[in-house]
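Fold and contact review
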Amino acid sequence: MTRAEMRKAAQKKGKGGGGRRGGAGASAAAAADPGKKRFIDYPRWGKTGVRRWLPSWKQWLSAFLLFFATGVGVVFYLYQTTEVPQLKDLVKEQNTIYYWADGSEMTRKGDTNRQIVELDDMSPYLQNAVISAENETFRTDSGIDPKGMLRAVYNMAKGGETQGASTITQQYVKNAYLSQEQTLSRKLKEFFITLKVNQQMSKNDILKSYLNTSWFGRNANGAQAAAQAYYGVNAKDLNLCQSAMLAGLLKGANYYDPSKPANHDRAVDRWKWILDRMVATKNVSAEERAKCTTFPEPIPVKPSSNMNGEISYLVDTVNQYVMATDKTITQQMIDKGGLKIYTTFEKDKVDALKKAVDDVKAENLNPQKRPDNDTFIQFGSASIRPGDGAIVALYGGDGVENGHFDNNANATGVQVGSTFKPFVLATAMQVGVQTAKGDDGKPKRINADSRYLSDDLSEIRKPDGSLVIGDDGKPYRQKNEDSGKRGYVSLRQAMQYSYNVPFVQLNQDVGGSNVADIAVQMGIKRESLADPKTLTFPLGTSTISPIRMATAYGTFAASGKEAEPYSATKVEVDGRERPGFGKKDTKVALEPAVADNVTDVLVNVAKNGTGTKTNSLGRPVAGKTGTTDQNKSAWWVGYTPQLVTSVAMWREDPAKHDRLSLNGTGGKESIHGGDIPTDVFTRYMKAALANEKKLDFPSPQPVGTEVDSSGAPSTATATATQAPTETPSAPAQTQTQPAQPQPNQPQPPQPTQGGGCVQGVDCPPTQPPTHPGRPTPTDTCFILSCTTPTPTGSSGGGGSGKPTGKPTATSTGAAQGAGAGG
C-alpha cells in the first residue's frame, strides 16, 4: 500500500469502531497514522528491521543525481574561475639568500638568466628533441595524462614522493607555479589550468611557453639562456647533437649536466637515447642521427663573482643538505629564488682553513719548478663540532674562479688509507674477536694492550686458524710500508706507527662486516665503503668524504655519540619556515669506554707517533694519519674535545679524473699523512681554537681484556707493552753504522741491553724512520737473535687471518692487495 492508501484505510477503521472498543481502535489507528508527508522518507515508514534503514531505489537514484549535479557544478565553477597565467607573469625574479652562522649575509643567488624568444627563434632540432624525449604524442594529445595524475594523488595520499608531470602541457603549467608544494589543491589547480591551456592555446604556443620557462641548469631558464650557457650560441643556431644534449637536461639538470664528472656517463647515455627516440618518432632521419658520433661537450661554466673562493662549495654543501632534508625543495626551486638559508658556517673558521691550505701550498708546492709533480694537487677538508654535528668550516678547492668546480670537502673518490684503522680497533673493543670467547660464549672484547704480529710479509689466518689464500693460490702475506721485523707489538703501538699487518689480522678476527657496521653507526655512509670481504678493507680502500670522516671521528670525540652533520639551522621559503632543519638528536654508536679508549690510543699517535706535528698546538689532540697504496692520497683526521677536522690531499688529472701518485710532490720522495695534511690541520686548529679553553679528553675506563694473537710471547718473559715515547730519529744509515738521531721524529722503542731479546718486545728494530712522521725500521729480530733482511718492495694490500706462532727468516709468496701505512 502507498502512503495515501494506508492513510485512507486508517480513517475508515476509525469511523467503523464504536464504544470503548471503537475508541481503542481509533487510538491505535492514530498511532499508526504516518501523519504529514515527509520530504525525505528516511528512516522508511512502514518498514521494520533492516529494511527500515535501507534506502529505496528512488532514494539511491536521487542521491546519485544530486552528487553528480553538485560535482558538475563544482567542476564548472573551478574551471570558470581558474585563470591561465600569462607568460610575462611567470618571470618573477627573486634571490635565494645565504647567511653565516652569526646571521650576517654570506651571499645570494639570483638574477636568473632568462630571455623569452619566439618559437621561430628556437632550433627545430631542439623542439623535436624535446617532444621525442618528454611527450611524443604532444601534437595530438589532450594535454592530460590521467594515469599520471591519479598516480601522483595516490603517492601524496600515502606520503610518498610524487612523480613529475607527464605531458609537456602539464609541465608548462607546473612551471607556472613557483611553489613546488605537493598538495591536492595544487594538483587540482594544475589540472584545470591544463584543461584551459589546451583549449585556449595552440600547440605551438604551449611549446614556446614551455621552452621559455623550463629550467636547464647553470642558472638558465629557457632555451635561449640554456643555448648561451652551454654552447655560447643562440637557440636558433643549435645543431642536432647539441639539441639532444639540452633536451636531456629537462629530466633533471642537476643529474644530467655533463660538466659534473659524476654526471658525464649518465648524460651521454641519455643523449644517445634521445637521438634514437628522434629516429623512432620520425623527427629526424637515421642519416642525420648517424652524424652525431661524438658527444657535444659544453663550454666551461661561467661562475658568478659572488661565488668565488670557498663560497661556491659552502653553497653547494648546504644546498645538498637542504634538498636531502626537505624533498619538496629542488635545485630549480633554489635557483628561482625566494629562499632564506641560515647556515652553520663560521666565517672566521672558513677563512682560517683556507689560509692554512694556501700557506702550506705556497711553502711546499712550486708548479713552475716541478711541473710533473706539483701540478693538479687537490685538498679537501671539513671541520665539525663533535656531539653537535654542525659543519663550521670547509675547504672545497681553489675556487670556481680558478676553474675548480667540484666540492672536494664532499669528494667520495679518494681512499682514506690508515685513517680507517681506528674503526677496526673500535670494533674489536665493542664486538670482540672471534678467536677467543668470553664466559657468555660471545666473542671476547679486547683492549689496546693486546699484542699482534707486525712482521712485514706475515701470513694471515682466518679465525679458525686456517691460512688465507691469495689470488695466486699461495698463502697470503701482508706487507707493511717497510720491511722491518718487529715481532709482536701492542695494538696501541701498531696504531702509533700505523703497521698494516696487525690490523689486517685483527680485521679477520673481528669480521669485516662487523667493522663496516660499526663505521656506519659512527657516521660513515655505507655506499662509500669498499667490500668488507676484501682483504684490504681494514687498510682504508674505502672512498669516504672528508665530511663523513670528520663525522665518524667526532663520534670518538663525543664519547661514542654520533651526531649527523648538518649545515643549515633554518630555511624559509617565501617567508615561511620549513621544519626539520638544525641539530638532530645524537645516537649512541659506541660505548663511552670504547670511544674514550680509542681516543687514548689516538692521543698517543698524535703525541708520539705519526702525527707529532700537532704537538705545536699545545693542547690535547687525538688523530690518525692515512696514506694509500702508490702514495695516491694522504690524510690526517684529528680532533680536540671541541672540534674535529679532516684534511685530505691527493693529485688528480682534471682531464681524465685519474688519481696520480704524490711521490715527488714538494720535492719530497713521498707524501704521508703526517706531513702536509697534518701541517694544514695544525695551522688551522691554532686559529680556530685561539679563543677556546684547553680541555682534556675524558679519562678512559677499562674496557675488554688483553687477548694476544697466537704465537705472542708469554707476558711472564716479556716486558709490559707501554706507549712508546717520542725519541729522535734519523734518515736510514748503512747496516754497519749506528743511526744518528734527529729531533722531532718518532721512534719505535729501543731494544734492551743484553745478549738475548724477546721478539717484538725487548728486541725492536734499531733503524730509524726515513719518512717524515713515519718510522721505517729495517732490522729483523728473531727470538734470541737479530739479523738484517733484504728490503722488499713498496707497501701492499691487506689480508685477513691469524698469525703463525713461529716467525720465519724469509718470506715466501707475494704480498697481494693494496694499501699503505699512515
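First things first, this report covers the structure right here in the doc. These numbers were taken from a predicted model, which means no experiment stands behind them. (Residues numbered from 1 in each chain as written. Predicted model: local features only at pLDDT ≥ 70, side-chain atom pairs only at ≥ 80, totals over all residues. Heavy atoms only, no water.)

**Re the pattern of salt bridges**
Pairing between side chains of opposite charge can happen when the charged atoms of each approach one another. Inspection of every chain in the model, using the stated rule, returns 31 salt bridges. Taking the shortest distance from any N to any O, the salt bridge between R578 and D326 comes out at 2.9 Å. Here the residue R578 occupies a position in strand β16 (residues 576-578), and D326 occupies one in the loop between α14 (311-325) and α15 (331-336), the gap between them amounting to 252 residues. Both residues of the pair, R578 and D326, count as buried. For K361, the salt bridge is made with D398, and the minimal N-O distance between the two is 2.6 Å. Residue K361 is found in helix α16 (residues 347-364), and its partner D398 is found in the loop between β7 (391-395) and α17 (421-430); the two are separated by 37 residues along the sequence. Given the relative accessible area of 32%, D398 is considered partly exposed. When salt bridges with common partners are traced through the structure, they connect E346, K349, R385 and E692 into a single cluster. (Salt bridge = Lys/Arg side-chain N within 4 Å of Asp/Glu carboxyl O. Helix = DSSP H or I, 4+ residues; strand = E, 2+ residues; numbered from the N terminus. Buried < 20%, exposed > 50% of the residue type's maximum accessible area, 1.4 Å probe, protein only.)

**Quick notes on the side chain of T614**
Its place among the elements puts T614 in the loop between α22 (592-608) and β18 (622-627). Separated by 2.8 Å, the side chain of T614 and the backbone oxygen of G611 make a polar contact. Look past the residues within four positions of T614 in its chain and what remains in contact with it is A606, V621, W636, T678, F681 and T682. (Polar contact = N/O pair within 3.5 Å; in protein donor to acceptor, adjacent residues only side chain to side chain. Contact = heavy atoms within 4.5 Å.)

**Some words on the state of the cysteines**
Under the defined criterion, the tally for this structure stands at 1 disulfide. Two residues, C241 and C292, share a disulfide whose sulfurs are 2.1 Å apart. Taking the torsion about the S-S bond as the criterion, the C241 to C292 disulfide, at about -100°, is left-handed. One end of the pair, C241, is in helix α10 (residues 240-249); the other, C292, is in the loop between α13 (286-290) and α14, and 51 residues separate them in sequence. Judged by its relative accessible area of 14%, C241 falls in the buried class. (Disulfide = S-S within 2.5 Å.)

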